[in-house]
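One letter stands for each residue in the lines below.
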Amino acid sequence: MGPVKCLKTVPAQVHAHQSFHANDVSDAPVLPGPKNILIGAKEDASKSLKDLLEISKQILTENDRGGYTIPAKGLYPYQWNWDSALVALGWATLNEGRAWEELEKLFSAQWEDGLVPHIVFHQPSPTYFPGPEIWGSVQQPMGSTGITQPPVAAITVRNLYETAVNKDLALQKAKELFPMILAWHRWFQSARDPEGTGLVATLHPWESGMDNSPAWDDALHNVPVDQIPPYVRQDLGHVDSAMRPKKDEYDRYLTLLYRFRAVNYDCKQLYFLSPFRVTDLCTNSVLYRANLDLRWLAVELGQGENVKEIDGWIEKARDAFDTLYDAEEGLYKCKDQLTGKLVAAKTSAGFLPLFARVASASQAADLARTLERWLNRVKHSIPSCDPEAPNFEPLRYWRGPVWAIINWMITDGLRAYGFEDLACRIEADTYELLLSHGISEYYNPVTGAPAGGKLFSWTAAMCLAWLSKGAPAARCK
Ligand SMILES: O=C(O)[C@@H](CO)O[C@H]1O[C@H](CO)[C@@H](O)[C@H](O)[C@H]1O
């Protein structure tokens, strides 16, 4: 195919009526320093860039709970696994020590069997359901869930290590974290791929990080709803129900939780007893990339004796990834392991093998073409589902909205395969979105309207990681 062209440029202006959202939510934090910093935004983009970086810094500072960062006040009051690993990339632009601390705090909750939990309940909070009393796990004294999330940590450690100004600190912290990350990746192999297929299983939609993705619709539908204790959702007190998963999905999320709790989250049993077992492209792509980075760290840190083992995981996964490629669609697909079928739904996770570096050159060219087709259908990159699909819902969470973290991962992958123009187009789009609509959890790809939680940590972190070296237009020339 010919080169993918950069079709959009960064606008010099932002919309003056778009405001910072602190006043939009009852539980919004009051930020220190200038209020409503994006109101009446400036004509010149460089000034606005400065504002965006300042507000992002304020969000991380405001959401800092002492060594870990909550994703958003009220809505998500604990430490989330992949959020923290991504947030550390933002902290690194402000304070390297604080970035390392974020990861240390996460790994302080690692279970003996190697699992790093999807949520760590450092301090009690009444604003989130299901909290520690519902999860009831006993493996970790500070309280945690008993499932995991996409393993971003190794990718962050390599990134922090390579870009560190304080090299001594980086060497010390990377050395401390290395064995813990290795133990987690071993856990993925034993607990989530006990049959040695090369790809790991995801046993709960919350483990995928893309909770209500249409990719899980059929598999989740096959989970019978048990008699579970009555419950009250807290998320709907913070966010409009049109932007969140439905009750039917929550009933099944909780059914899975209670079934896992009944066996005390014993990882030897969960894989075999879970009525939900899928091959998630996000988890497997992140793990593949994380293994490449872990291997790099092993060599760099004098841990060469682990290289052979990590190479074994990478090689096995590389072959298995091909079974997920749908050549006709030019997209990778998730799989329902219990039916053995590839999932029909087309989601942005299907582009993440680019981030992993596991796609071949010709698969990458197909993916870039498919992605361009998606982008030409919406105003803002990247919708989380194919905008032409009947199940596309531009406002509902992982069923359509734009997520800055996914844009960051996919552009990283596009660049690695030489699709610089397309990467620039997405970066410029994302920049425009953030300038115009502030730092939110996700965004409507059709209108740009911010959705979900406000003053959101990982979006702020992506903003810092992405833009602290300048606006994309300047970099993309
Ligand atoms: O909706 C929820 O209650 C939680 C459940 O883990 O999930 C959402 O928020 C997390 C924190 O930001 C993200 O890590 C997930 O990716 C996102 O889907």
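Residues numbered from 1 in each chain as written. Predicted model: local features only at pLDDT ≥ 70, side-chain atom pairs only at ≥ 80, totals over all residues. Heavy atoms only, no water.

(A) Structural detail: the overall build of the chain. Along its length, the chain carries 19 helices and 9 strands. Taking 477 residues into account, the globule formula puts the C-alpha radius of gyration at 23 Å, and the chain, at 21 Å, falls close to it. Considering only C-alpha atoms, the chain reaches an extent of 60 × 55 × 50 Å along its principal axes. Considering only residue pairs separated by 6 or more positions, the chain has 72% of its internal contacts joining residues 24 or more positions apart. Carbon and sulfur atoms make up 51% of the accessible area of the chain, which amounts to about 17500 Å² in all. Across the chain, 48 positive and 57 negative side-chain charges occur, with their mean positions spaced 2 Å apart. (Helix = DSSP H or I, 4+ residues; strand = E, 2+ residues; numbered from the N terminus. Rg over C-alpha atoms; globule rule 2.2 N^0.38 Å. Contact = heavy atoms within 4.5 Å. Areas by Shrake-Rupley, 256 points an atom, 1.4 Å probe, with all protein chains shown as cover. Lys, Arg positive; Asp, Glu negative; His and termini not counted. Charge placed at Lys NZ, Arg CZ, Asp CG, Glu CD.)

(B) Representation of the side chain of Thr279. Note on placement: Thr279 falls in strand β3 (residues 278-279). Within the structure, the side chain of Thr279 is placed 2.9 Å from the side chain of Gln337, a separation counted as a polar contact. Those residues within four positions of Thr279 in sequence are excluded, and the remaining contacts are Leu199, Val200, Asn284, Leu324, Cys334, Lys335 and Gln337. (Polar contact = N/O pair within 3.5 Å; in protein donor to acceptor, adjacent residues only side chain to side chain.)

(C) A look at the site of the ligand. Taken together, 16 residues sit near the ligand, with Asp83, Tyr128, Gly209, Arg244 and Tyr397 positioned nearest. The contact in question runs from an oxygen atom of the ligand to an N or O atom on the side chain of Asp211, over 2.9 Å. Tyr397 is positioned such that a nitrogen or oxygen atom in its side chain is 2.3 Å from an oxygen atom of the ligand. The site holding the ligand turns out to be the largest cavity. Among the residues forming the shell around the ligand, the class breakdown is 10 nonpolar, 3 polar and 3 charged. (Near = heavy atom within 4 Å. 1 Å grid on protein atoms, 1.4 Å probe; cavity = no way out; pocket = protein on both sides within 12 Å on 5 of 7 lines; lining within 4 Å. Sits in = over half its atoms within 2 Å of the grid points. Nonpolar A, V, L, I, M, F, W, Y, C, P; charged D, E, K, R; others polar.)

(D) Expanded view of the pattern of salt bridges. Counted under the stated rule, the structure contains 29 salt bridges. Among the ionic pairs, Asp386 bridges to Lys346, the shortest N-O distance being 3.4 Å. Within this pair, whereas Asp386 is found in the loop between α15 (361-375) and α16 (404-416), its partner Lys346 is found in the loop between β7 (341-342) and α14 (353-356), the two being separated by 40 residues in sequence. Looking at Asp386, the relative accessible area reads 6%, which means it is buried. On the basis of relative accessible area, Lys346 is assigned to the partly exposed category, the value being 24%. A single network of salt bridges, built from pairs that share partners, joins Arg158, Glu162, Arg289, Asp293, Arg357 and Asp412. (Salt bridge = Lys/Arg side-chain N within 4 Å of Asp/Glu carboxyl O. Buried < 20%, exposed > 50% of the residue type's maximum accessible area, 1.4 Å probe, protein only.)

(E) Summary view of the state of the cysteines. Within the structure shown, the criterion is met by 1 disulfide. For the unlinked cysteine Cys463, the closest cysteine sulfur is that of Cys476, found at 15 Å. (Disulfide = S-S within 2.5 Å.)

(F) Representation of the UniProt feature "domain: Mannosylglycerate hydrolase MGH1-like glycoside hydrolase" (unreviewed entry) in the chain. According to UniProt, the feature "domain: Mannosylglycerate hydrolase MGH1-like glycoside hydrolase" (unreviewed entry) maps to residues 76-459 in the numbering used here. What you have in residues 76-459 is 49% helix and 6% strand, and the ends, taken at the C-alpha atoms, are 14 Å apart. (UniProt positions renumbered as here; feature names shortened; annotations may be inferred.)

(G) The arrangement of the layout of surface pockets in detail. By volume, the largest pocket amounts to about 750 Å³. Lining the largest pocket are 28 residues, with Asn159, Thr163, Trp408, Ala465 and Lys469 sitting closest to its centre. Secondary-structure elements contributing two or more residues to the lining of the largest pocket are α3 (96-107), α5 (153-163), α12 (281-300), α16 and α18 (457-467). Of the residues forming the lining of the largest pocket, the biggest block, 6 residues, is contributed by α5. What the second largest pocket holds in volume is close to 220 Å³. Lining the second largest pocket we find 14 residues, and of these Ala215, Asp218, Leu342, Val343 and Ala344 sit closest to its centre. Secondary structure elements with two or more residues in the lining of the second largest pocket: α8 (217-221) and β7. When its residues are assigned to classes, the lining of the second largest pocket shows 7 nonpolar, 3 polar and 4 charged. (Points joined across faces, edges and corners; volume = space filled by probe spheres on them.)

(H) Structural view of the packing of helix α6 (residues 167-192) against helix α13 (residues 307-321). Across the interface, α6 lies against α13 with an axial gap of 12 Å and an inter-helix angle of 40°. Considering their axes alone, α6 and α13 lie oblique with respect to each other. In this structure, the crossing between α6 and α13 has a hand that is left-handed. Seen from α6, the contacting residues are Leu182, His185, Arg186 and Gln189; seen from α13, they are Glu309, Ile310 and Trp313. A per-class count over the contact of α6 with α13 returns 3 nonpolar, 2 polar and 2 charged. (Axes fitted to C-alpha atoms, helices over the stretch in contact; angles between N-to-C directions. Parallel < 35°, antiparallel > 145°, perpendicular 65-115°, else oblique. Left-handed = near helix turned anticlockwise from the far one by under 90°.)

(I) Focus on the nonpolar core. Of all hydrophobic cores here, the largest spans 155 residues; its most connected members are Trp82, Leu86 and Leu414. For this core, the leading source of residues is α6, giving 11 residues. If we skip the residues at most four places from it in the chain, Leu414 touches Leu354, Ala368, Leu371, Phe419, Leu422, Ala423 and Ile426. (Core = buried A, V, L, I, M, F, W, Y, C linked by side-chain atoms within 4.5 Å.)

(J) Structural detail: empty space enclosed by the protein. One pass over the full model with this rule turns up 5 cavities of 30 Å³ or more. Approximately 200 Å³ is the volume attributed to the largest cavity. Lining the largest cavity are 19 residues, with Tyr76, Trp80, Gln149, Asp211 and Tyr397 sitting closest to its centre. Split into classes, the residues belonging to the lining of the largest cavity amount to 12 nonpolar, 3 polar and 4 charged.

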